[in-house]
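Per-entry structural report
Below, each chain spelled out in residue letters.
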Amino acid sequence: MEKLHHFYLIHKSHFINLNYISEYLNEGYIIMNNSDKVPIAKAKRTTFLEKIRNI
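Quick look at the structure, then. Every residue gets a number counted from 1 within its own chain, in the order that chain's sequence is written. A pLDDT threshold of at least 70 governs which residues receive local features in this predicted model, and a stricter bar of 80 or more applies before side-chain atom pairs are shown or counted, although totals over entire chains, interfaces and linings include all residues. As a rule here, side-chain values come from all non-hydrogen atoms in the structure, and water together with hydrogens is ignored.

Turning next to the overall build of the protein. Per the secondary structure count, the protein includes one helix and five strands. Each helix is a run of DSSP H or I of at least 4 residues and each strand a run of E of at least 2, with the numbering of both proceeding from the N terminus. Along the chain direction, N to C, the helices and strands of the protein fall in the order β-β-β-β-β-α. For the radius of gyration, the atom set is restricted to C-alpha positions; the globular benchmark scales as 2.2 Å times the number of residues to the power 0.38. Taking 10 Å as the expected radius of gyration for a compact globule of 55 residues, we find that the protein reaches 10 Å, a close match to that expectation. Based on the C-alpha atoms only, the size of the protein along its principal axes is roughly 30 × 25 × 20 Å. Residue pairs at least 24 apart in sequence account for 35% of intrachain contacts in the protein once pairs closer than 6 positions are excluded. All accessible areas in this document rest on Shrake-Rupley with a 1.4 Å probe, and a residue is counted as covered only by the protein chains that are shown. Summed over its atoms, the accessible surface of the protein is roughly 4200 Å², and 50% of this surface lies on carbon and sulfur atoms. Whether two residues are in contact is decided by their heavy atoms: any pair within 4.5 Å suffices.

Next comes the structure, spelled out in structure tokens:
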């Protein structure tokens, strides 16, 4: 079950695996390893940034 800690609901339409993030863009997006650009909900940005700092 520890593997579930690497998943995050970043937006109402996007549940991501944090191990596959390649880049964070300050304008509110992340780039995944497969080059997909995924938006981060404004309400979840602060929590998301705290979570990835702790990985």
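What follows concerns the environment of Pro39. Tracing the chain through its elements places Pro39 in strand 5 (residues 37-39). As a C-alpha pair, Pro39 and His11 span 28 residues in sequence and 6.9 Å in three-dimensional space. Among all residues touching Pro39, those that are not within four sequence positions of it are Ile10, His11, His14, Gly28 and Tyr29.

A few words now on unusual backbone geometry. Backbone geometry at Ser35 places phi at a positive 75°, although glycine is not the residue there. Relative to the assigned elements, Ser35 resides in the loop between strand 4 (29-32) and strand 5. On the accessibility criterion, Ser35 (59% relative accessible area) is exposed. The rule is simple: take the accessible area with a 1.4 Å probe, protein chains only, and divide by the maximum for that residue type; under 20% is buried, over 50% is exposed, in between is partly exposed.

Any two aromatic rings considered together are summarised by their centre-to-centre distance and by the angle between their planes. Ring pairs shown here join Phe, Tyr and Trp side chains whose ring centres sit within 6.5 Å, with only the six-membered ring taken for Trp; geometry is labelled stacked below 30 degrees between planes, edge-to-face above 60, and tilted in between. Within this structure, the stated rule accounts for three aromatic pairs. Ring geometry for Phe7 versus Phe15: centroids 5.7 Å apart, planes at 15°, classification stacked. The rule is short: NZ of Lys or CZ of Arg within 6 Å of the ring centre and within 35 degrees of the ring normal puts a charge over the ring. We note Lys37 situated over the ring of Tyr29; from NZ or CZ to the ring centre the distance is 4.6 Å.

Before going further, it helps to spend a moment on the side chain of Asn17. When you line up the elements, Asn17 lands in strand 2 (residues 14-17). Within the structure, Asn17 has its side chain in polar contact with the backbone nitrogen of Asn19 (distance 2.9 Å). The contact partners of Asn17, leaving out residues within four places of it in the chain, are His6, Phe7 and Met32. Nitrogen and oxygen atoms within 3.5 Å of one another constitute a polar contact, given that in protein one can donate a hydrogen and the other can accept it, and given that sequence-neighbouring residues count only through two side-chain atoms.

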